[in-house]
Amino acid sequence: MERPPREFLSRMERLLGGDYPAFEAGCGLPAFRGIHLNTLKCSFGTLSRALPFRLVPAPFSPLSYYLPPQAERVGLTPLHHAGAFYVQEPSAASAVTALDPRPGEKILDLCAAPGGKSAQIGSLLGGRGLLWSNEVVRGRAEVLLSNLERMGVANAVVSCCRPEKLCRVLSGWFDRVLVDAPCSGEGMFRKSEEAVRAWSPEHVASCAARQLAILRSAGSAVRENGVLVYSTCTFSEEEDEGVVSTFLQESGDFELADCGLAAGRPALLPRARRVFPMDGGEGHFVAVLRRISANPSLVAEYVPAEGKHLGMAEELYGRIFRSGPTRRIEEKRESFFLLPDVLPALDGLNVLRAGLPLGRLRPGRVEPEHALFMAAKPREFNLSVNLGCDSPEIRAFLRGEELAVDAGGRGYAGVSVEGVTVGFGKCSGGRLKNKYPKGLRNPA
């Protein structure tokens, strides 16, 4: 890696004291890599049997594992396509571990792209409650949306909204809010030379100012006794303890709570936590804040749009699945969605998608969406094709090719790999016409 700036190293020496030599020695070592198991779609047993390397647990989450140095191009593997796991730097999982989402809760991930922490939250919610994932940059929000679709998260809203507006409109509505704030990225130095070159004291200061503004906005979205988690992937005291301390001094609405993390080491701020490379991760800071003041929510419930073709969507659903839909179906602009069980009014919040896409209206029919299949298990389909992880058939499917199937099957079929849904196709005459999206396919 490129040598970090001398002023950065001087700051780290002052911060770490006797532990600085271990940090400096680690600067030239390869970065840690990891994955996070998605329990919405896959079990540990299935994942460990299918991957060609041993899964070594990482200490930052019960579902996080280290990738060995020899693991290459894991993004092209069938189980990655299927959303069985998310590639994530190991210590990044610590923020959601501290957030501690519970099924049925309403969770806001305010700075969510590219989606690793949102995927982790969605997995822990288990399809219940609501995950609201926000990203202010439109292109990054699209990536976030694609990742949540791959991971099979059905109870999500994805928006591209300024934090101050989103949190003002949804004041007091969320049980837990995560602010994984944009930062100077000092914890990325070992794997990103661009992050090293971009560093400067001025950049650190501007990041701290932006982080404090985001944290101020986020606080208004948290209900009384709710939890606000602030995290970064940087080591700067100015961006970490400094931001949290200033926030607490300005407002009497929150108190510092214990992180509940054993990994890493105590931060300079009591009850917060830090991770350095010598702790087994690239770098993270996590602080947990609990709201102690009242913050009643006046947010109205979402009113679904009325549609004229809901019967067609329900009929399609019945042809694909063994049982009927358990969520409300909304028809909106010639598209159909399965809505989350709980949903606030969405007006003015630049929502890219709310709920799970079911299908699109075509002349005389409704054509199903890829996301509908990705959020379901093979046992739920009327017609299912399961392929082996090392089979030529799954490689052909991921390239977009047709497959030979049982001649008795006719209609839409879920396609899975090792029992984890990866897409769908349409069966007729012993052939499966591939419906895997072109933009997701492996190269020929």
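Residues numbered from 1 in each chain as written. Predicted model: local features only at pLDDT ≥ 70, side-chain atom pairs only at ≥ 80, totals over all residues. Heavy atoms only, no water.

Colleague: Looking at this model, I keep getting lost on the overall build of the protein chain. Mind explaining?
Modeller: On a plain count of helices and strands, the protein chain comes out with 14 helices and 23 strands. For a compact globule of 444 residues, the expected C-alpha radius of gyration is about 22 Å, and the protein chain comes in at 23 Å, within 12% of that figure. Expressed as lengths along the three principal axes of its C-alpha atoms, the size of the protein chain is roughly 70 × 55 × 30 Å. A buried classification covers 56% of the 444 residues belonging to the protein chain. Considering only residue pairs separated by 6 or more positions, the protein chain has 72% of its internal contacts joining residues 24 or more positions apart. For the protein chain, the exposed surface amounts to about 18900 Å²; the carbon and sulfur share of it is 50%. If you average the places of the 54 positive and of the 50 negative side-chain charges in the protein chain, the two averages end up 6 Å apart. (Helix = DSSP H or I, 4+ residues; strand = E, 2+ residues; numbered from the N terminus. Rg over C-alpha atoms; globule rule 2.2 N^0.38 Å. Buried < 20%, exposed > 50% of the residue type's maximum accessible area, 1.4 Å probe, protein only. Contact = heavy atoms within 4.5 Å. Areas by Shrake-Rupley, 256 points an atom, 1.4 Å probe, with all protein chains shown as cover. Lys, Arg positive; Asp, Glu negative; His and termini not counted. Charge placed at Lys NZ, Arg CZ, Asp CG, Glu CD.)

Colleague: Just to check I follow, could you spell out the sheet that holds strand β2 (residues 56-57) for this structure?
Modeller: Strand pairing in a sheet relies on backbone hydrogen bonds, with the paired strands running either antiparallel or parallel. If you trace the 4 strands from one edge of the open sheet to the other, you get β2-β3-β1-β4, paired in antiparallel fashion. The open sheet has two edge strands with one neighbour each: β2 and β4 (85-87). Both strand β1 (residues 34-37) and β4 contribute to a ladder of 3 bridges, which runs antiparallel. In the sheet register, His-36 faces β4, and the bridge partner there is Tyr-86. (Pairing = 2+ DSSP bridges.)

Colleague: What is the right way to read the sheet that holds strand β19 (residues 384-387) from this model?
Modeller: Taken in spatial order, the 5 strands make up an open sheet running β19-β21-β22-β23-β20, and their pairing is mixed. Sheet topology places β19 and β20 (403-404) at the edges, where each strand pairs with a single neighbour. Sheet topology places β20 next to strand β23 (residues 431-434); 2 bridges connect them, and they run antiparallel. Bridging from a neighbouring strand, Leu-403 pairs with Leu-432 of β23.

Colleague: It is not clear to me how the pairing of strand β13 (residues 284-291) should be interpreted in this structure. Could you clarify?
Modeller: Burial analysis of β13 places 7 of its 8 residues in the buried class, which makes it a mostly covered element. Strand direction decides the pairing type here: strand β9 (residues 222-232) and β13, joined by 6 bridges, are antiparallel. Its bridge partner being in β13, Val-227 is matched across the sheet by Arg-290.

Colleague: Help me out: how do you make sense of unusual backbone geometry in this one?
Modeller: Geometrically, the link from Ala-113 to Pro-114 is a cis peptide bond, its omega value of 5 degrees lying close to zero. One can find Pro-114 in the loop between β5 (106-109) and α6 (116-125). Backbone geometry at Arg-271 places phi at a positive 80 degrees, although glycine is not the residue there. Here Arg-271 shows up in the loop between β11 (265-266) and β12 (273-275). Positive phi, normally seen in glycine, also occurs at Glu-334, with a value near 65 degrees. Judged by its relative accessible area of 53%, Glu-334 falls in the exposed class.

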